[in-house]
Every structure is written in structure tokens, then in C-alpha cells.
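Residues per chain are reported as follows:
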Amino acid sequence: MKDILLFDLDGTLTDSQEGITRCVEYALNDQGITVSDRSTLLPYIGPPLIDSFQHYHGMTRAQAERAVAKYRERYADVGLFENRLYPGILDLLRAMNDAGKRCFVATCKPESYSIRIADRFGITPYVERVCGATLDGKILTKEAVVRYALACAGDPELSRVHMIGDRSNDVVGSRACGVDCTYVLYGFGSREEAEAHHAAYILDTIDELKQHLLAL
């Protein structure tokens, strides 16, 4: 029985597209990079920003660090609440609680921001802990976040644990910890990405996810 569930935040519990892409655009503009279509910035949602600025816009490490700082400048007060719950998420979390499953958030978003989002959108009552990255970079990758969440859960048997996410880093990071991942297609990834990284399960909708998790 999978009774310990680790949920990604962006693209899994909340639709954070507007806030994240606006803040990425703000950071890019600071370095003279213009964006004609913010939807091209969707790949930034999920992986650590420091890596994405280097990968997608060819920044040096120093430039990427500046970009992350500029991103946070806007995100901390504005961007984090340019966000919304996916319809049905609170019902899903409530059903997991009613079934005796322990729920955690495990996100590469800084924990301080993630807690504020969970509080604002009503997630907090349904999860034992919001586990996120640290602003100093000591916890940064999905693997590190999952290990942190496992410690918060009391280092349970891995056979009891399951990850739910919407990007390849959710699959890869949880697998590195010995945990399978369900990949949801209503978020910001794609079936091609899910299949390429051999997600344990690939689901289309929140209703399907609820039934799937109850049956695990």
C-alpha cells in the first residue's frame, strides 16, 4: 500500500504559469533579453531556475545567479500569487486524508514561498509538511527535496511512498531515491517526456489521479 504521497506543487497542485513566466520574463529583460511569447518560457516551470537560465538562454553561472535574484525580486511579492489551484485538487487531497494516506508537498520551489502558496490556496490543512528547496541552494534538486521529504516523513519503507509530478525532474529525482512517480499530463510536461523518462504511470486528469492513488 502506498500510504505516503509526495506531491509536486507547480503543475501538479497549482497552475502557476502566469506568475512564473512573468517573473522569468522580468529576469530576462534585466539582461537585455526580450520575450515575444511568454508561453515559450513554460519549460522553466519545474526544474531549478539556476539550471534553466543556463540551459535555455545560455547564461554563465554568474548571469544565471543574477537572473534568479531578479526573478525572486518580483516573485516574492507578486508572482507567487499569480497562481490558482487546479479544480478538484482539494477534493483529491481530502480523499487521500480520508483514506488514511499521509500527504506531503515536495517541490523545487523555495520552501518559504511554497508554504505561503499552500496557506493562501488552502492546501496546508491536508498535508503534513511542505518540503521545498532552500534559498541558499543547499537543497536544490528534486532528488534532494525528495530525500528531505522522506526524512520529514520519518524515513519510511520506500515501498510505501509514491511521487506525483508533471515534469521529468519529478520522475528522475524520485527514482534516484527509490520512489516511483506518477506523471500527470494536465500540468506543464508532455506524454513524450513522461514516456522518455519511463514514468511509472501516466495520467490525464485529476479524477483519474484520485482513483489511481486510492487504488495504490
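One can find the structure itself at the top, above this paragraph.
These notes cover the structure that comes with them. (Residues numbered from 1 in each chain as written. Predicted model: local features only at pLDDT ≥ 70, side-chain atom pairs only at ≥ 80, totals over all residues. Heavy atoms only, no water.)

1. Considerations on unusual backbone geometry
Right, so step 1: Despite not being glycine, Asp 155 shows a phi value in the positive range, around 50°.
Right, so step 2: Taking relative accessible area as the criterion, Asp 155 reaches 57% and is therefore assigned exposed.
Right, so step 3: Phi is positive for His 198, which is not a glycine, with a value near 55°.
Right, so step 4: Its location among the elements puts His 198 in the loop between α8 (191–196) and β8 (201–203). (Buried < 20%, exposed > 50% of the residue type's maximum accessible area, 1.4 Å probe, protein only. Helix = DSSP H or I, 4+ residues; strand = E, 2+ residues; numbered from the N terminus.)

2. Some remarks on the sheet that holds strand β6 (residues 161–165)
Right, so step 1: With parallel pairing, the six strands of this open sheet are ordered in space as β5-β4-β1-β6-β7-β8. The sheet is open, and its two borders are formed by β5 (129–133) and β8, each paired with just one other strand. With strand direction ignored, the average angle separating the axes of adjacent strands in the sheet is 25°.
Right, so step 2: Here strand β1 (residues 4–7) runs beside strand β4 (residues 102–110); their pairing, made up of four bridges, is parallel. Across the sheet, Phe 7 pairs through a bridge with Val 105, a residue of β4.
Right, so step 3: Its contacts with the sheet put helix α7 (residues 168–176) on β4, β6 and β7 (180–184), and the angle it makes with β7 is roughly 175°. (Pairing = 2+ DSSP bridges. Axes fitted to C-alpha atoms, helices over the stretch in contact; angles between N-to-C directions. Contact = heavy atoms within 4.5 Å.)

3. Some details on helix α9 (residues 206–215)
Right, so step 1: Of the positions making up α9, those classed as buried are Ile 206, Leu 209, His 212 and Leu 213. For α9, the angular spread of the buried residues around the axis is 120°, confining them to a single face. Opposite its buried face, α9 presents the exposed residues Asp 207 and Ala 215, each directed more than 90 degrees away.
Right, so step 2: If you check the start of α9, you find a side-chain oxygen 3.1 Å away from the backbone N of Glu 208, and it comes from Thr 205. (Arc of directions from axis to C-beta. Polar contact = N/O pair within 3.5 Å; in protein donor to acceptor, adjacent residues only side chain to side chain.)

4. Description of the packing of aromatic side chains
Right, so step 1: Scanning the entire structure with this criterion turns up five aromatic pairs.
Right, so step 2: Every member of this aromatic cluster is reached through a ring pair, and the members are Tyr 44, Phe 53 and Tyr 56.
Right, so step 3: Residue placement shows Arg 120 over the ring face of Phe 81; its charged tip is 3.6 Å from the ring centre. (Phe/Tyr/Trp six-rings, centres within 6.5 Å; stacked < 30°, edge-to-face > 60°. Lys NZ or Arg CZ within 6 Å of the ring centre and 35° of its normal.)

5. Observations concerning the nonpolar core
Right, so step 1: By size, the foremost hydrophobic cluster in this structure holds 49 residues, and its most contacted members are Phe 7, Val 24, Phe 53 and Ile 123.
Right, so step 2: Among the secondary structure elements, those contributing two or more residues to this core are β1, α1 (17–30), α2 (49–57), α3 (61–75), α4 (89–98), β4, α5 (111–120) and α9.
Right, so step 3: The contacts of Val 24, once residues within four sequence positions are left out, are Leu 41, Tyr 44, Leu 49, Phe 53 and Tyr 71.
Right, so step 4: If you look at the next biggest cluster of nonpolar residues, it comprises 22 residues, including Val 161, Val 179, Cys 181 and Tyr 183. (Core = buried A, V, L, I, M, F, W, Y, C linked by side-chain atoms within 4.5 Å.)

6. Regarding the side chain of Lys 70
Right, so step 1: Within the secondary structure, Lys 70 is located in helix α3.
Right, so step 2: Residue classification places Lys 70 among the buried positions, given a relative accessible area of 17%.
Right, so step 3: Only 3.0 Å separates the side chain of Lys 70 from the side chain of Glu 73, close enough to count as a polar contact.
Right, so step 4: With residues up to four places along the chain from it excluded, the contact list for Lys 70 reads Tyr 26, Ala 27 and Asp 30.

7. Description of the pairing of β6
Right, so step 1: Of all five residues in β6, five are buried; the element is thus mostly enclosed.
Right, so step 2: Of the two faces of β6, the one lined by Val 161, Met 163 and Gly 165 and the one lined by His 162 and Ile 164 are each fully buried.
Right, so step 3: Two elements, β1 and β6, share four bridges in a ladder whose sense is parallel. Bridge pairing in β6 links Leu 6 to Met 163.
Right, so step 4: With four bridges joining them, β6 and β7 adopt parallel strand pairing. The partner of Met 163 across the bridge, within β7, is Cys 181.
Right, so step 5: Running through α7, the crossover from β6 to the neighbouring parallel element β7 is right-handed. (Right-handed = clockwise from strand over helix to strand, strands pointing away.)

8. Here we look at the packing of α1 against α3
Right, so step 1: Viewed as axis vectors pointing N to C, α1 and α3 meet at an angle of 130°, and their least axial separation amounts to 8 Å. Overall, the two elements α1 and α3 adopt an arrangement that is oblique. Our pair here, α1 against α3, has a crossing hand that is right-handed. Side by side, α1 and α3 meet where Gly 19, Ile 20, Arg 22, Cys 23, Val 24, Tyr 26, Ala 27 and Asp 30 of the first sit next to Arg 66, Ala 67, Lys 70, Tyr 71, Glu 73, Arg 74 and Tyr 75 of the second.
Right, so step 2: Residues of the contact of α1 with α3, tallied by class, amount to eight nonpolar, one polar and six charged. (Parallel < 35°, antiparallel > 145°, perpendicular 65-115°, else oblique. Left-handed = near helix turned anticlockwise from the far one by under 90°. Nonpolar A, V, L, I, M, F, W, Y, C, P; charged D, E, K, R; others polar.)

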